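# A closer look at the structure
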Amino acid sequence: MKGVIMAGGFGTRLRPLTNNMPKPMVNIVNRPMMEHVIDRLTNCGITDIISLLYFHPEMIENHFGDGSKFGVKMSYTSPPEDLGTAGSVKYAQGFLDNAFLVISGDVLTDFDLSNAIEFHRKNKAKATMVLTRVENPLPFGIVITDDSGKIVRFLEKPSWGEVFSDTINTGIYILEPDVLNYIPERQEFDFSKDLFPLLLEKKEPLYGYIAEGYWKDVGSLEEYRRANIDVLTGKVKVNIPGQEISGKSVWLENNSKIDFTSKLEGSVVIGSGSRVNGNAKVVNSVIGKNCLIQEGAVLIDTVLWDNVSVGSQAMLQENVIGNNTEIKERAFIGEGAIVSDHCYIGRQSIVKANVRVWPYKIVEDGATLASSLIWGEKWAKNIFGAYGITGLANLEISPEFAAKLGAAYGASLKKGATVSTSRDTHKTSRMINRAVMTGILSTGVNVHDYGVVPMPVVRYLARGGSGEIGGIHARRSPFDAEVVDLKFFESNGLDLHSNQEKTIERLFYREDFRRAAMEETGEVSFPIHGFEHYQNGFMSKIDIETIKKANFKLVLDYSYGSSTRIFPGILGKLNCDVIALNANLDAVKITKTAEEFNKSLEQLSTIVRSLKADIGIFLDAGGEKIFLVDENGDIIDGDMALNLVSVLVMKSYSNSQLPDLNIRGQVSIAVPVTASRVIDNLAEVYGFKVKRTKTSARGMMETAMENNVAFVGEQTGGFIFPQFQPAFDGMFAIVKLLEMMAKKGIRLHGLTREIPPSFMVKERVSCSWEKKGMIMRNLMEDSKTKDVQLIDGIKIFFDKDWVVAYPSQDNAYFHIIAEASTKEKADEIAKTYVNKIEEWQK
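Right, let's walk through the structure included here. The model shown is predicted, which means the values in this text are computed figures rather than measured ones.

Conventions used here
Residues numbered from 1 in each chain as written. Predicted model: local features only at pLDDT ≥ 70, side-chain atom pairs only at ≥ 80, totals over all residues. Heavy atoms only, no water. Core = buried A, V, L, I, M, F, W, Y, C linked by side-chain atoms within 4.5 Å. Buried < 20%, exposed > 50% of the residue type's maximum accessible area, 1.4 Å probe, protein only. Contact = heavy atoms within 4.5 Å. Pairing = 2+ DSSP bridges. Helix = DSSP H or I, 4+ residues; strand = E, 2+ residues; numbered from the N terminus. Axes fitted to C-alpha atoms, helices over the stretch in contact; angles between N-to-C directions. Salt bridge = Lys/Arg side-chain N within 4 Å of Asp/Glu carboxyl O. Right-handed = clockwise from strand over helix to strand, strands pointing away. Lys, Arg positive; Asp, Glu negative; His and termini not counted. Polar contact = N/O pair within 3.5 Å; in protein donor to acceptor, adjacent residues only side chain to side chain. Parallel < 35°, antiparallel > 145°, perpendicular 65-115°, else oblique. Left-handed = near helix turned anticlockwise from the far one by under 90°.

## Things to note about the nonpolar core
Ranked by size, the top nonpolar core spans 89 residues in total, and within it Ile5, Leu101, Ile103, Leu108, Tyr224, Phe814 and Ile816 carry the most contacts. Every residue in contact with tyrosine 224, bar those within four places of it in the chain, is listed here: Leu14, Leu17, Val26, Asn27, Ile28, Val218, Val303, Trp305 and Val320.

Written out as C-alpha cells, the structure reads:
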C-alpha cells in the first residue's frame, strides 16, 4: 500500500509562527509534525510515499529529500492551484496504481493504522474513513455508521443541533485507486463535501473505522502548545528525539548541557547544543536546538524553538517562542502569549497574556506590550455565536475590537464592494458602529450608513438593488443592559452563513488584514431614501383596501424602538385606530428584563380589555418580533401564537391567492422541528404542506427562500412572509396579520376554538460542553429502532406523540420538548429523556 501526505497547508491558524513555513514543518517536541506522520506510516509498513505540496514546497523537499534518511521512498508533486483535498490527490493519480492511505501532514496521532488497513481489506471497501471520538465535535465532520461499520450519514462541521454523534472524521482515508475516477480533472473537489456524498449516492462500499488512541488536529496556537505538553505527559506515544535520562522523564540531545543547580520538573526535552544554567527552573517544557536558558530563568509549560536566548530571572509560562528570538533578563511573558521568530523582548519588559508578537518586532526595555485582545478569553474559541457577536459593552466589545472586526469583515470582501451599517439609538451602539465602519473602510470597502433604523429595514434594502453585499447592525441587547449585539447579514437579507463567519474569524485571528492604499480606502455615504424605498415595497405587498374596510382598533407597544420612525406612517395609510404606547425613542429603556417584559404584556392586556380593542401587539425594540394579546385581553403564549398565525395563513391563502410566490405545486408553511403537531393536523385540513426547519434564525430564513413557501414562523414571536422578504419583520407581520383577520372577519380569541387540544412540556437538562457529543451519540444509538427525524437535534416519534432533544448553542444544557395528547403523557415522555441524559453523564 502506498501513502499520500497532504502537506500543502498554509497553517493560517498557527500564525504568526507559520508566516514563513508550511504547517507540516512546525515542530512537535523538536521534530516536524510530518516526521511523526511518516513514523505512523512506516509502523504499518507503508514506505512508498508521495507528498502533495503547495506552500513553501522547497522547505519540505529540502528537509526530507528522497526520504532515505527516514526509511521511506519519498516523491513530491505540487498542484498548480488549490484543487481541494480530493482534487489534489487526483492530481497524483499517476503514482497511485494500488490501494493507498491518505493522511494530513500536520496531524498528531498514535493510531495503529495497520488495524484500519486490515478493516478496509476485510470489508472489501472502496473507501474507509478513519474515525475517532472527541469531546467537542463541532469543528469536524460528524460520521454515523451502522453496526458493520458502513457509513450511513455524515455532516461536515455541524452546529450543535446537528451533532448526532461524537464520532468524527480524522481526515485519514484508505482508498482503492478506481475511486479516483469519480474525481473530476483540475477542478476543486473535496473528500467530505463532494467525493464521499457521491460514493454514498452511487452505493459504493464506504466504511468507517473507529480508531483507538490519540488524535489532534493542531488547529490553533493553544492546541499546538497543548500537543507538545501531551507528548511530554505521555498522552500520545510518539518518538521523542534524544536520550531519556533514566527515571527522570528528561530527554537530552547531543551536546546539551544542564547545570547541576538547575531544576527540571515534570517532563522536559532539550535539543542539541542547548544549555540550562544555574538555578534555572524548567517544568513540562520543550527547548529547541542551540538555546540558552540563563541563571534563575523560569519556564513552565512552554515551547522554545531553535536558537532562543532566555535572560536571567526571566519568567515564561504557557508560551511558544519562535526561532532566533532573544528574551532579556527579568522579562515577563504572560500566559498564552506567542512570540514569533527574530524578536527582541527587552529587559524587565512585560508581554501581557494572549498577546501575539509577529516576526522581527522589538519590545523595548521596560516596556509593556498590551493587546487588542487584552480582555481576551471571550474570543478564544469563536467570535460568532448563535445570535451574532455578543459581548460586554466597551469591555469585550470595545472600539479597538470593533475596528479590528470591521477590518476582518472588510478583508473577507472584494475591494470596492459596499456594505451597510446601522444601529439602534443607544450612544454605545453609535460608538461601536463607527469603530466597525473605520475597520471596513481601511480595507477599501465602501459603507452605506443608515444610522438609527430597524433591522428589517436594512435587511430589505440590501435586497433592493442598493448594491450592498451585506451589512452589520449594532444594538444594545434586548435582554441585558450591559451587552452589545452585532448582527451580520448577507445581500439577500439572511443572517451570515457559518462559512462566512468562519472566514471572518480566521482573518480576525490572523491580524494581517488587507490595507488599502491612501486613494483606495472606502467611502462613507448616507442614503436618504431608505425608508421611502422600504415603505413603497411594503405597501405593494399588502391588500390596503381590505384592511381599511375593517376599521381596526389596535393597541401597539413600540417598546421605545426605532420602528417609531417609520411604522406610524404606514399604519396611518390603513385607516387603523392606533393607541400607541412607548412610541418615543429612549435608548435607556430598549432593554427589558424578563420581569419588565411580562409587566409590559400585562399592561398591554389591561389597555386592550378596557378600550375593547380588536388586538394588542408588543413590537420588540428591534422591529423583528411581535407578541400578541387577543380581543379579550388574554396574553397569547408563543406556541399558541404560532398555531394561530399558521391557521390564519392556511385559511386566507391558496395557490391562486399567492401571486408573488413561485408556486409550482402544493403550498407550504414552515415551522421549527420543535413546533406543535397541531400545525400538521390543520395543514391536512386546508391542503397545505408543513416543512420542518432548524431552530436557528438562519435555518428558518433559508427555508423562506425555497419555492412554494408562503409563511415561516417560530414560537418566540418571529414570523416571515417571504413574498415581502425572507427575514423576520415584525412590522410586516403585524399588517399581514390584520389583513388576514380582515379577509376572514376573524379575531384571535374566536380563532383559538379551531385549535385542537395538545400538550407540550419543555425541560432543560444540565450537560457539560465536553459531554454533548457523547450524549448525542447515545441518543442516536438508543433510538436506532425508533422513528426519528434528524433536522435539529434528535426528534423521536411514538405514534403521534414525540420528543425532541437538542443541545443549547450557547449554554451547558440540553433542551427537551415533548408533545402528547395528555399532559401526563407529555410529562412522562419528557421525564424519560431527562433521566436518560442525566444517567449517561454519570
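Picking up where we left off.
## Description of the sheet that holds strand 43 (residues 626-629)
Whether parallel or antiparallel, the strands of a sheet pair through hydrogen bonds between backbone atoms. Taken together, four strands build an open sheet; the order of strands is 41-40-42-43 and the sheet is mixed. Edge positions in the open sheet fall to strand 41 (577-581) and strand 43, since each of these has one partner strand only. On average, each strand axis in the sheet is inclined to that of its neighbour by 20 degrees, with strand direction left out of account. Pairing analysis gives four bridges linking strand 42 (residues 615-619) to strand 43, with the strands arranged antiparallel. Each residue of the ladder has a partner; that of phenylalanine 618, found in strand 43, is phenylalanine 627. Contacting strand 40 (553-557), strand 42 and strand 43, helix 18 (residues 730-744) crosses the sheet at an angle of about 165 degrees to strand 42.

## Structural notes on the pattern of salt bridges
Enumeration according to the criterion identifies 34 salt bridges in this entry. For lysine 235, the salt bridge goes to aspartate 230, with nearest N and O atoms at 3.9 Å. Using a relative accessible area of 54% as the deciding quantity, one classes lysine 235 as exposed. Of the charged contacts, one joins glutamate 706 and lysine 691 as a salt bridge, the two residues approaching to 2.7 Å between their closest N and O atoms. Taken together, the residues glutamate 706 in the loop between helix 17 (697-704) and strand 46 (709-713) and lysine 691 in strand 45 (residues 689-693) connect sequence positions 15 residues apart. If you follow the salt bridges from partner to partner, you end up with Arg459, Arg475, Asp485, Asp495 and Glu624 in one network.

## Regarding unusual backbone geometry
For the bond running from arginine 15 to proline 16, omega is 15 degrees, close enough to zero to count as cis. Among the secondary structure elements, proline 16 is positioned in the loop between strand 1 (2-7) and strand 2 (27-28). Phi at arginine 186 takes a positive value of approximately 50 degrees, unusual for a residue other than glycine. Turning to its location among the elements, arginine 186 is positioned in the loop between strand 11 (167-175) and helix 5 (191-201).

## Here we look at the pairing of strand 5 (residues 73-77)
When strand 4 (residues 48-53) meets strand 5, the two strands line up parallel, connected through five bridges. Each residue of the ladder has a partner; that of serine 51, found in strand 5, is tyrosine 76. Crossover strand 4 to strand 5 through helix 2 (residues 57-64) is right-handed.

## A few points about the sheet that holds strand 26 (residues 326-327)
Spatially, seven strands are ordered 16-18-20-23-26-29-32 in an open sheet, and the strand pairing comes out parallel. Each edge of the sheet is formed by a strand with only one pairing partner; in this case those strands are strand 16 (257-258) and strand 32 (362-363). Note that strand 29 (residues 344-345) and strand 32 share two bridges and pair parallel. If you follow tyrosine 344 over to strand 32, its bridge partner there is isoleucine 362.

## Section: the side chain of lysine 592
Along the chain, lysine 592 turns up in the loop between strand 41 and helix 14 (594-611). Nearest to the buried, unbridged lysine 592 among oppositely charged side chains is aspartate 557, at 5.6 Å. With sequence-adjacent residues up to four places away left out, lysine 592 is seen in contact with Pro478, Phe479, Ser559, Tyr560, Phe597, Ser600 and Phe618.

## Here's the deal with the environment of asparagine 551
Topologically, asparagine 551 is positioned in the loop between helix 12 (544-550) and strand 40. Separated by 55 residues in the primary sequence, asparagine 551 and leucine 496 place their C-alpha atoms 40 Å from one another. In this structure asparagine 551 touches Asn575 and Asp614, once residues within four positions along its chain are discounted. A polar contact of 3.4 Å, which involves the side chain of asparagine 551, links it to the backbone oxygen of lysine 549.

## Focus on the packing of helix 7 (residues 399-411) against helix 10 (residues 498-510)
Running from N to C, helix 7 and helix 10 cross one another at 120 degrees; their axes reach a closest spacing of 8 Å. On the basis of the axis angle, helix 7 is oblique to helix 10. In the crossing of helix 7 with helix 10, the sense of the turn from one axis to the other is right-handed. In this structure, helix 7 uses Phe401, Lys404, Leu405, Ala408, Tyr409 and Ala411 to contact helix 10, whose residues at the interface are Ile504, Leu507 and Phe508.

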